[in-house]
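# Report on the structure
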Amino acid sequence: MEILLNELKLDAQNVKEDMREDKDKVRKFIAFDFKVHSDAYHDVTTELYKNDFLVRVPEMDLEFQAVIHNYSTSVTDLYVQDAVGDFKLELIEK
């Protein structure tokens, strides 16, 4: 499923969308996994470091402003040619 973070397109798997109570307010929440090839590593991590996203999931008719709630990756250095890392990302509505 395609997920857009600002203008960055991600091919997401295991997409879970929910509503979460956070700071006495109910907020939209989305969690998903995606793979990152070494060729895209710099662009993906640069976008993630912004931690300010317009999240769009056209297939679910979902759009909201979000920040990172939780984030993990299987590798710390994807500058090795042809390496692929598994990323897990959880976003919560601002």
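A brief structural summary. Small disclaimer: the values here were computed from a predicted structure and weren't measured. (Residues numbered from 1 in each chain as written. Predicted model: local features only at pLDDT ≥ 70, side-chain atom pairs only at ≥ 80, totals over all residues. Heavy atoms only, no water.)

### Details of the side chain of Asp 33
Test applied: Only DSSP runs of H or I reaching four residues or more are called helices, and only runs of E reaching two or more are called strands; each is numbered from the N terminus. Each residue is placed in one exposure class: buried if its accessible area under a 1.4 Å probe, protein chains only, is under 20% of its type's maximum, exposed if it is over 50%, and partly exposed if it falls in between. We call two N or O atoms a polar contact when they sit within 3.5 Å, provided that within protein one can donate a hydrogen and the other can accept it, with sequence-adjacent residues counted only if both atoms are side-chain atoms. Any two residues whose heavy atoms approach within 4.5 Å are treated as being in contact.
Here Asp 33 lies in strand 3 (residues 25-37). With a relative accessible area of 17%, Asp 33 lands in the buried category. In terms of polar contacts, Asp 33 uses its side chain to reach the side chain of Asn 14, at 2.6 Å. Leave out the neighbours within four places in its chain, and Asp 33 touches Asp 11, Ala 12, Gln 13, Asn 14, Phe 87 and Lys 88.

### Structural notes on the side chain of Ser 38
Locating Ser 38 in the fold gives a position in the loop between strand 3 and helix 1 (41-50). Given a relative accessible area of 11%, Ser 38 falls into the buried group. Apart from residues no more than four positions distant in its own chain, Ser 38 is found in contact with Leu 78, Val 80, Gln 81, Asp 82 and Ala 83.

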